[in-house]
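Breakdown of the fold
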Amino acid sequence: MKNFNALNLAREALRGHKGWEKQWTSPEPKKKYDVIIVGAGGHGLGTAYYLAKEHGITNIAVLEKGWLGGGNTGRNTTIIRSNYLYDESAGLYNHALKLWEGLSQDLNYNVMFSQRGVLMLAHSVHDVQSFQRHIHANRLNGVDNQWLSAQEAKDYCPPLNISKDSRYPIMGAALQRKGGTARHDAVAWGYARKATAMGVDIIQNCEVIGINRAPSGEVTGVETTKGTINAEQVGIVASGHSSVLMDMAGVQMPLESYPLQALVSEPVKPVFPCVAMSNAVHAYVSQSDKGELVIGAGTDSYLSYSQTGSMHILQHALDAIIEMYPMFSRMKMLRTWGGIVDVTPDRSPIIGKTPVKGLYVNSGWGTGGFKATPGSAHVFAHTIARDEPHKINAGFNLDRFRNGRLIDEAAAAAVAH
Amino acid sequence: MSTTPDFRIKGRGSRLGAKPVRFTFDGKTYEGIEGDTLASALIANGVHLMGRSFKYHRPRGVIGAGVEEPNALMDISRDNARSQPNVRATVQEIYDGLKAKSQNRFPSLAFDVNAANGLISPILTAGFYYKTFKWPAAAWDKLYEPIIRKAAGLGVSPTEEDPDRYSNRFVHCDVMVIGGGAAGLMAAKTAANKKKSVIICDENPSMGGWLLSDTDIRIDGKSGAEWAADMVAELTAMPNVRLLTRTTGFGYFQQNMVALNEQVTDHLSRPDPDSPRERMWQVRAGKVIIAQGAIERHMVFPDNDRPGILLAGAAQTFLNKYSVAVGQNVGVYTACDTAYAAAFDLAEEGINIPVIVDHRDEVSEEIQKQADEFGIRIITGAHVSGTSGKLRVNGMSVSKHTGNSDREDFDIDALIMSAGWTPSLHLYSQSRGKPEWDEATQRFLPGVSPQNCASVGGCNGTDDLADVFTEAAKAVGGKASKVKITDDVSTSGGFIGATGTSADKGKAFVDFQNDVTAKDIALAVREGMHSIEHVKRYTTNGMATDQGKLSNMHGLAIAAKLLDKPIPQVGLTTFRAPYTPTTFAAFIGHNRGKLFDVTRETPINDWAVEQGAEFEPVALWQRAMYFPKSGEDMHAAVDRECQTVRTKAGIFDASTLGKIEITGPDAAAFMDIMYTNGWSKLKPGRAKYGIMLREDGFIYDDGVIGKLADDRFHVTTTTGGAPRVMNMMEDFVQTEFPEMDVWLTSTTEQWATIAIQGPLARDIIKPLVTGANISNEKFPHMSVVECKVCGVPARLFRISFTGELGFEINVPADYGRAVWEAIWKQAEPKGACAYGTEAMHVMRAEKGYIIVGQDTDGTVTPYDAGLSWAIAKSKPDFVGKRGLTRPDLVADGRRQLIGLKTKDPKKVLQEGAQIVADPDQPIPMKMVGFVTSSYWSGSLDKSIAMAVVEDGFNLMGKTLYVPMEDETIEVEVTNTSFYDPKGERLHG
Amino acid sequence: MLLIHCPYCKAERPELEFSNAGQAHVVRPSNMEEMSDAEFETMFFIRDNPKGVNLERWRHAHGCGRFFNVVRNTITDKFLKVYKAGEPRPSDKEIAELNK
Amino acid sequence: MAKSAIATRLPAMEGAHFANSAVTIQLAPPASRISLRATKAGSKSIEKLLGITLPKKPTETTKKTSRHALWLGPDEWMVIDEKNGDASMVPRQSNKNFTAVDVSHRNVAYIVNGYGAANTLNAGCPRDLSLRAFPVGSCSRTILNKAEVVLYRTARNTFRIECWRSFAPYVWAYLLEGAKDAHI
Ligand SMILES: Cc1cc2nc3c(=O)[nH]c(=O)nc-3n(C[C@H](O)[C@H](O)[C@H](O)COP(=O)(O)OP(=O)(O)OC[C@H]3O[C@@H](n4cnc5c(N)ncnc54)[C@H](O)[C@@H]3O)c2cc1C
Ligand SMILES: NC(=O)c1ccc[n+]([C@@H]2O[C@H](COP(=O)([O-])OP(=O)(O)OC[C@H]3O[C@@H](n4cnc5c(N)ncnc54)[C@H](O)[C@@H]3O)[C@@H](O)[C@H]2O)c1
Ligand SMILES: Cc1cc2nc3c(=O)[nH]c(=O)nc-3n(C[C@H](O)[C@H](O)[C@H](O)COP(=O)(O)O)c2cc1C
Ligand SMILES: [Zn+2]
């Protein structure tokens, strides 16, 4: 495979870029693979990549019902951070963050990981307490996160409105300098290209419609719109559709799928230097390298697989954005879209084995799994290759809903008294 | 004032006698006439250069005459706070004093240093970002990314708060018509005649659509513009019709909800300050008629982006609607009949048409005949293989498809082009309709409508005007009035994809704004991007501010050809809202500043404001946090308030506490289910602390509840918890225990609640209370009585959240302020004070009382919180009972709520600080808990803290550590009762 | 914004008046104590989450205040049926018919 | 026990008044209100106590002199007496069949009047307030943007809008915004 580098780029420029190879191919499925990964999002493609790279398993098919990267990987607001509260979460997301830092080199694909800092705004005494709790826990876990006063936050992010008179005045902020954004499509493409080069078959337009199990229970393969494909190990990495797939294997999941929307503004010259999020009013914004403000909106209140959402959800998101950044009021929305997010009761993912032998699941990332992509893929590959979880994902098992040992990041940020 | 040639065609169109209007563009003053768009006025002044492209910074002129415009984007500012980037010059109407600036160029539009990007353009192909900028790793953030970011974006964001108003309106109608062209007007009129309530909107200043651009057609002998004007007049006169011009239907949501955005003032020189700048209409329609029309495509050929090259239909619109000729020597390149009408119209005005190049092999006799009459040469079976001119096109080369040898060059000052018309499927698709490919006409058309809507006219692929009328009327269940149509122009023909041969030099732009060329699309396909979605994202085709209105079909066709697949198999990318970019402000409407969210205030709030209290937000409420005396900071004020309460008394506004009246014969039984402890045996007149769990066993809410009668409870909840508690209770009443005779009424706002706490509390209120004996014996701790205070009906509780003798008086809210002041009159002379939430927090912490949401966080059971005494295990059922017995909830070593004593009593821990057993371990450290509450206690003259710690109940007296950034604080585990542990004071 | 037919108000009302209340027909048994951990997990955490027809609860929170059940398709978001709380779950046959 | 003065009633938003060419908005005088919950059987006996028949269908209201009964839910009504001041309309009781809770002070009401009244409300209320969909005499609990309200159309161009007391400043400010556009 021709390396992506400046020299080759210059050479190709001289001959009209005629020499670039396909980044991935469009093979017909083989009858049998060692491992099948269902879902060619960042997590699924990454899993195939790490299986090949670190575990020597290359006879892998990644099955995708649409186009690779077209799920939530292709529709997220790309916020990357690791300043989570619980040890399990900090371990997982920080593992991912470390991998992010070397990902462009590792994949020979510029995923444009940009560590411009993630600012989380505090608007009440309760927010302050909660953020301090995070900052202290992060420090002792070796995760960077620091407290900024309102003025320091404003210096870091000049568009912020820190007026004391605003309805939700900013009382300070937590800043993770190592957080930032990445170019979402490139993540999927980079993994796909490298995985292809190592022999992985990425089969697009191939929907899994059934999961086959032997009479003794273990997985034998999958039914797809391109026929039966066999494998003794199947990993489900299908975000919003994970529960639908698990259902095919007879496993009911603690998951609900909601439409989550995002939007971009028209592109403008650089004006917003970091990522800023306000959980209290639900305002999430950054500016892409191309110039659009990328804004995360909320979920609708009902289950849906439609990849669209309601007008009032967009309104709420923009209400909050303008409350925080009044100068953006005249900016224009260019496009809005939706994704289907699979939400667990404790807002933490499920990564691990399932009650069915040979069946593994990586799901429940909800509104925040892009940031975990390399880490999640890495430990999930381990889980499949060894048939046991990596210690980083051990706590993110399905059993926790039975025994009550939740990793409740949402509850930990409990609402004000 | 400019002295450039005047391209105004006097007498063409209906614009004789329009008033002159002066405006500036890049600092230079120009004159246009009323009704001009910025684009038409500039063209009238001979200006075509209006922008620079995104990536290569190529000089660009106007392409279109409407919302499809990708190039002529400008910054329009009334003042600093009212600057608006990326405004389409083709849409912006001019007004006296308008100031327009070109964008994305430095230092000037004519000389842009970034145009040097053009020189390295062979490298800046699709996907170049991904292939490079990775070496060395550190250079990405330090060097490359800043450069890329600097080059990003088109216009400049405003930097000041927007002073304009925006408004919102919900509206319902029987029929919503989007698009006011021939189709839309006919549909609206037919529906209106049938007495339907109708709304019709069009994004333009006047209705009529294409009819305003066509001077040939006659409808009942009237010109298109006259017919449209008459229709508009008739509709305006009908009370059941609302006409909205300058109003874009930008979003089609579920169940026939359509969102419109109306531009109210952007075309006015001096807007009325009371008028909103934009108005959002959220329409719920019985039926939606989509009459969006069609958008013309450009031809994709080498160097098709020089200023002066534009759509033929746009040129025709400029001529017929705005009385402006796009040049004096205008070449034509087309694959569609409509361009001929444009050419002939120009020729009629004496504009030279050196040649019409038709990509097709033949044209109709009719057209040939007309061309001959004008003496215009047509070259068929040919393409434009290149153009010349730096800031304005000045020449074009024409080659026959058969080969390049017979190339001919023409001098021109404008080139108009048409690759045919793309029916606008935007709103149909947004309604979740699936476009269907029509092989015969090579275009996508609306398929089945999933909602109650119909597409009519140009957007439905209906070209013949008579058919349009019939179809439009039928869509609303009517019949079109009979009209006679003559001189309807043929719209046949069209081409999708790149024209010319691979031998042609120059960039053939598919997407102008994003600088996507046919070669970029080819490269993407070559690199394995076989899905049109990948092609889009790899090349950014269709992702610019015009959202591919011109480029999507071409991109698709080029990709399909390379993939050797039929077009419908490759398919379209998804249409998404908004149809055209829409300001954030329009979405927000009134929800700004004070109206961003509700701010709830208690009846006593104003008193606290008058006293100079500092406030804190709690849920939606404003609560007085402390009442500083002059010179006091928060610490001093809180200290004083606490000490005053402990030694004398204090009064506190507790009105924000949620209150629910639970009534009915089964009230107690219901309480037994909802709360962990028992309520049936509680005597009327007594009160009790109650904890409410979620079904999973974790603490959900708490509060003191008074039993007024066997069938009536006065429940209090936390301030923030009131709505969710009410909702959960209702859920249980309605769906789990419908057989219970119990009713819930929210009474939070019926009552103002005033707490009086401290040794003097009884003395203070006694003079004001009638109808109850509040002596210690008759009215012990945890009593409730209905009586009168200050002569008004009251519910009086004897309770304490401070550990002192205390009362809480509930009076009807409108009396709250008066009763408060009456109490204050009693209290102040006795040395009592008003205190706020912060002192309340300190005092309750001194007593070890928890605050749900601070000392508990949704992962804490009542056992963990040391509240096992409040659980009636003997009850057969309560919400959360089963959840509490799950393995992890009964496991050893759970985090439990304990007290902490700092070794240095002066040291106040930070809330949220983490606790470890071994301070010397390396990072990552094993954390055993964290500080939930921590204060300086003036009464105890030392710091106090509460924390949840693993196995905390078994660690009493043990030493733990709180590692801070700069020090490690040693703490001892204690119980949580710091003050008056025996509780003698509250019984006093 | 959806339009939801409230079976108590007997009319369509804008979604903004409602709140979604999750999966319908999750029964809270009267003998909670006897539930196994697995049964508790099923009741409290496991959800159908179907791609297709879903039975779910809504509350007309800012209207008549009533909880009720609906049959809705999660692909089209269309409501197929609404019925009052306490009324029986529609049969599979009826649901299939509604979803045609 | 010492004699205590009778406290005076101070409604929220006292004196609120606004008018333009399309609409007038003003605070309604203090009223007495009860939240009534009753079964079918209970509604009969409560009707006797109140001296007014209760509306039985969604959005319907009944009226007798200064007393209005508003259908809010299948077993829920709000009874408003404009003249009764503070006096309770019914003796407090609750039983198997009904309960009445005094909520006189819980709510604040505005009267919105004029040809632009519905437009004013539709700035934040998503309901169809045309006479066809919401004729004179209709009532409904609904929302005005972020506040829950009860709307009651008392005449062609007149609405009574009730909201909780602490929401009154918000509702007022929102109505004024709507009023600016009410002529359109
Ligand atoms: C609007 C939005 C904003 C977000 N913002 C952020 C953010 O800022 N930061 C962050 O960290 N996270 C964010 N997220 C979440 C994040 O996008 C996801 O958690 C993450 O991308 C999930 O990646 P994935 O690879 O697991 O899933 P996906 O990328 O969704 O991949 C799953 C794939 O499975 C395929 N599939 C499904 N069913 C089948 C089947 N039967 N057969 C074959 N293939 C199937 C799908 O087509 C899909 O391509 C956001 C999500 C959304 C929707
Ligand atoms: N060159 C030509 O001769 C030519 C070109 C186009 C159309 N036509 C003819 O015009 C007739 C079609 O008329 P029609 O009424 O269907 O189309 P139309 O183009 O005349 O009118 C559509 C109108 O809708 C407006 N519009 C589009 N999207 C909108 C939105 N989202 N919100 C608000 N307004 C929006 C457009 O600006 C336009 O004014 C046909 O007879 C067709 O042949 C002729
Ligand atoms: C971070 C990010 C930035 C985006 N920027 C743009 C953009 O500049 N222009 C655009 O048209 N779409 C942009 N999109 C949206 C995509 O066009 C598309 O809507 C999204 O990938 C979802 O796919 P769908 O709309 O085809 O369903 C962006 C999406 C993301 C996730
Ligand atoms: Zn209802």
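So, a few notes on the structure that sits alongside this text. (Residues numbered from 1 in each chain as written. Chains lettered and ligands numbered in written order. Predicted model: local features only at pLDDT ≥ 70, side-chain atom pairs only at ≥ 80, totals over all residues. Heavy atoms only, no water.)

We now examine the site of ligand 2. All names here are of chain B. Neighbouring ligand 2 are 27 residues; Asp202, Glu203, Trp210, Gly458 and Asp463 lie closest to it. One nitrogen or oxygen atom from the side chain of Asn204 is found 2.8 Å from an oxygen atom belonging to ligand 2. Notes on ligand 2: free accessible area 840 Å², of which the protein chains cover 93%. Only α4 (182–193), β13 (247–253) and α10 (465–475) provide two or more residues apiece to the shell around ligand 2. Looking at which element gives the most residues to the shell around ligand 2, the answer is β13, with three residues. Grouping the constituent residues of the shell around ligand 2 by class yields ten nonpolar, 14 polar and three charged. (Near = heavy atom within 4 Å. Polar contact = N/O pair within 3.5 Å; in protein donor to acceptor, adjacent residues only side chain to side chain. Areas by Shrake-Rupley, 256 points an atom, 1.4 Å probe, with all protein chains shown as cover. Helix = DSSP H or I, 4+ residues; strand = E, 2+ residues; numbered from the N terminus. Nonpolar A, V, L, I, M, F, W, Y, C, P; charged D, E, K, R; others polar.)

This brings us to the site of ligand 1. All names here are of chain A. Around ligand 1 there are 37 residues in total, and Glu64, Thr73, Thr77, Ser239 and Lys371 lie nearest to it. In this structure, Thr73 approaches ligand 1 through a side-chain N or O atom, which is 2.5 Å from an oxygen atom. Across the complex, the protein chains shield 97% of the 1,000 Å² of accessible surface that ligand 1 would expose by itself. Elements with a minimum of two residues in the shell around ligand 1: α2 (42–55), β11 (256–265) and β15 (332–343). The element contributing the most residues to the shell around ligand 1 is β11, with three residues. Broken down by class, the residue content of the shell around ligand 1 amounts to 14 nonpolar, 18 polar and five charged.

One pass over the full model with this rule turns up 48 aromatic pairs over all chains. Ring centres 4.9 Å apart and planes at 65° place the aromatic pair A:Tyr49 and A:Tyr50 in the edge-to-face group. Taken individually, A:Tyr49 and A:Tyr50 each receive the classification buried, so the pair is uniform in this respect. Where A:Tyr168 meets B:Phe596, the ring centres are 5.7 Å apart and the plane angle is 85°; that geometry is what we call edge-to-face. Of this pair, A:Tyr168 sits in the loop between α5 (150–156) and β5 (172–176) while B:Phe596 sits in the loop between α15 (584–588) and α16 (605–610), on two different chains. As far as the burial class goes, A:Tyr168 and B:Phe596 line up, both buried. (Phe/Tyr/Trp six-rings, centres within 6.5 Å; stacked < 30°, edge-to-face > 60°. Buried < 20%, exposed > 50% of the residue type's maximum accessible area, 1.4 Å probe, protein only.)

A few words on the packing of α2(A) against helix α3 (residues 87–107) of chain A. All names here are of chain A. Contact geometry of α2 with α3 gives a least axis separation of 14 Å together with a crossing angle of 75°. As the angle between them shows, α2 and α3 are arranged roughly perpendicular. Residues Tyr49, Tyr50 and Lys53 of α2 touch α3, and the partners they reach there are Leu99, Leu103, Asp106 and Leu107. Tallied by class, the residues present in the contact of α2 with α3 amount to five nonpolar, no polar and two charged. (Axes fitted to C-alpha atoms, helices over the stretch in contact; angles between N-to-C directions. Parallel < 35°, antiparallel > 145°, perpendicular 65-115°, else oblique. Contact = heavy atoms within 4.5 Å.)

It is worth spelling out a nonpolar patch on the surface at this point. All names here are of chain B. A cluster of nonpolar side chains, contributed by Phe106, Phe111 and Val113, occupies part of the molecular surface with about 330 Å² of accessible area. Of note, Val113 is situated in the loop between β7 (98–102) and α2 (128–131). A relative accessible area of 40% places Val113 in the partly exposed class. (Patch = residues over 30% accessible without salt bridge, like charges linked within 9 Å, V, L, I, M, F, W, Y side chains within 5 Å. Salt bridge = Lys/Arg side-chain N within 4 Å of Asp/Glu carboxyl O.)

Residues and elements named next belong to chain C. Bound to the zinc ion (ligand 4) are the protein donor atoms Cys6 (SG), Cys9 (SG), His60 (ND1) and Cys64 (SG), situated 2.0 to 2.4 Å from the metal. One way to put it: the four donor atoms around the zinc ion (ligand 4) meet at angles of 104 to 117°, and that makes the site tetrahedral. On the primary sequence, the residues serving as donors to the zinc ion (ligand 4) are separated as C-x2-C-x50-H-x3-C. Residue Cys6 is found in strand β1 (residues 3–6), and its partner His60 is found in the loop between β4 (53–59) and β5 (67–73); the two are separated by 54 residues along the sequence. Of the two residues, Cys6 and His60, neither departs from the other in class, the shared state being buried. (Donors = N, O, S within 2.8 Å, 3.2 Å for Na, K, Ca; no water. Tetrahedral: all angles 85-135°; square planar, octahedral: opposite > 155°, others 65-115°.)

On to the interface of chain B and chain A. Each partner contributes residues to the interface: chain B has 120 residues there, and chain A has 106 residues. Here chain B meets chain A over a buried area of about 9,800 Å², counting both sides, of which 56% is carbon and sulfur. For A:Arg405, the salt bridge is made with B:Asp888, and the minimal N-O distance between the two is 2.9 Å. At the boundary of chain B and chain A, one finds 49 residue pairs in polar contact (both at pLDDT 80 or more). Broken down by element, the side of chain B that touches chain A gets its largest block of residues, seven residues, from helix α3 (residues 137–151) of chain B. Residues that form the side of chain B that touches chain A fall into these classes: 54 nonpolar, 37 polar and 29 charged. (Buried area = accessible area lost by both parts, 1.4 Å probe.)

Once that is clear, we can look at α10(B). Residue and element names in this part refer to chain B. Every buried residue belonging to α10 is among Leu465, Val468, Phe469, Ala472, Ala473 and Ala475, and all of these are buried. Buried residues of α10 fall within an arc of 160° about the axis and therefore sit on the same side. Buried residues along α10 sit against α4, β10 (218–219), α5 (224–237), β15 (278–290), β28 (453–455) and β29 (485–486). Following α10 by one or two positions, Gly477 adopts a phi angle in the positive range, close to 75°. (Arc of directions from axis to C-beta.)

With that settled, the discussion passes to the sheet that holds strand β3 (residues 32–38) of chain D. Residues and elements named next belong to chain D. Reading across from one edge, β4-β5-β6-β3-β7 is the order of the five strands in this open sheet, with antiparallel pairing throughout. Two strands lie at the open edges of the sheet, namely β4 (61–64) and β7 (98–102), each paired on one side alone. The sheet shows a mean angle of 20° between the axes of neighbouring strands, direction not considered. The pairing of β3 with strand β6 (residues 76–81) spans six bridges and is classified as antiparallel. Residue Arg33 lies in a different strand from β6, and its bridge partner there is Ile80. Its contacts with the sheet put helix α1 (residues 40–50) on β3, β5 (67–73), β6 and β7, and the angle it makes with β3 is roughly 155°. (Pairing = 2+ DSSP bridges.)

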